[in-house]
Amino acid sequence: MVKIQTKTITKRYGRSKNTYHYKQHLLPFPVKENENLKPFLKKELQFKMNATNDTLNVTLTKQKENTKGNTT
């Protein structure tokens, strides 16, 4: 079982004393999934989320690596 954690972040506007706040939501993975997560660590992942009724589906997809060196 997992719980979505919420953290409030405080940032400053440039060098001024004025601040703004925003919430960051975190989804910690269970420890037993550590081995399954290894191939995805330190990779850029595409994020997709779908919420319907009582279900939240979060899809993280690893971008395909370009093997020919093209940047397209």
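Only a predicted model underlies this, so the values are computations on that prediction, with no experimental measurement involved.

Novice: Could you clarify how one ought to interpret the pairing of strand β1 (residues 5–12) in this entry?
Specialist: On a regular strand, one side chain projects to one face of the sheet and the next to the other, so that they alternate. Both β1 and strand β2 (residues 19–26) contribute to a ladder of 8 bridges, which runs antiparallel. For Lys 7, the partnering residue across the bridge sits in β2 and is Gln 24. Hairpin geometry of β1 and β2 is characterised by an intervening segment of 6 residues between the two adjacent antiparallel strands and by a positive phi of about 55 degrees at Gly 14.

Novice: Before we go on, may I ask you to explain the packing of aromatic side chains in this structure?
Specialist: How two aromatic rings sit relative to each other is set out by the distance from centre to centre and by the angle between their planes. Scanning the model with the defined rule gives 2 aromatic pairs in all. Taken together, a centroid distance of 4.9 Å and an interplanar angle of 40 degrees make the contact between Tyr 13 and Tyr 20 tilted. Overall, the relative accessible area of 31% leaves Tyr 20 in the partly exposed class. Between Tyr 20 and Tyr 22, the aromatic rings sit 6.3 Å apart at their centres with planes inclined by 25 degrees, giving stacked as the arrangement. With relative accessibility at 33%, the residue Tyr 22 sits in the partly exposed group. Through a chain of ring-to-ring contacts, the aromatic side chains of Tyr 13, Tyr 20 and Tyr 22 assemble into a single cluster.

Novice: In this structure, what is going on with the environment of Lys 43? I would like to understand it.
Specialist: Following the sequence through the fold, Lys 43 ends up in the loop between α1 (34–37) and β3 (45–52). Here Lys 43 falls in the partly exposed class, since its relative accessible area comes to 39%. For the pair Lys 43 and Pro 30, spaced 13 residues apart in sequence, the C-alpha separation works out to 19 Å. Other than its neighbours up to four places away in sequence, Lys 43 contacts Lys 62 and Glu 65.

Novice: Hey, could you run me through unusual backbone geometry in this one?
Specialist: Glycine aside, the phi torsion of most residues is negative, and most peptide linkages are trans. Positioned with a positive phi, Lys 42 is a non-glycine residue whose angle comes to about 60 degrees. With respect to the element layout, Lys 42 can be found in the loop between α1 and β3. The backbone of Asn 53 sits at a positive phi, close to 50 degrees, despite the residue not being glycine. Looking at the secondary structure, you find Asn 53 in the loop between β3 and β4 (55–62). Of the residues examined, Asn 53 reaches a relative accessible area of 84% and is grouped as exposed.

Novice: Would you explain the pairing of β3 in this entry?
Specialist: Summarising burial for β3: 0 of the 8 residues are buried, a small minority. Where β3 lies against β4, 8 bridges are found, and the strand directions are antiparallel. Among the inter-strand pairings, Ala 51 is bridged to a residue of β4, identified as Leu 56.

The rules behind each value
Residues numbered from 1 in each chain as written. Predicted model: local features only at pLDDT ≥ 70, side-chain atom pairs only at ≥ 80, totals over all residues. Heavy atoms only, no water. Pairing = 2+ DSSP bridges. Helix = DSSP H or I, 4+ residues; strand = E, 2+ residues; numbered from the N terminus. Phe/Tyr/Trp six-rings, centres within 6.5 Å; stacked < 30°, edge-to-face > 60°. Buried < 20%, exposed > 50% of the residue type's maximum accessible area, 1.4 Å probe, protein only. Contact = heavy atoms within 4.5 Å.

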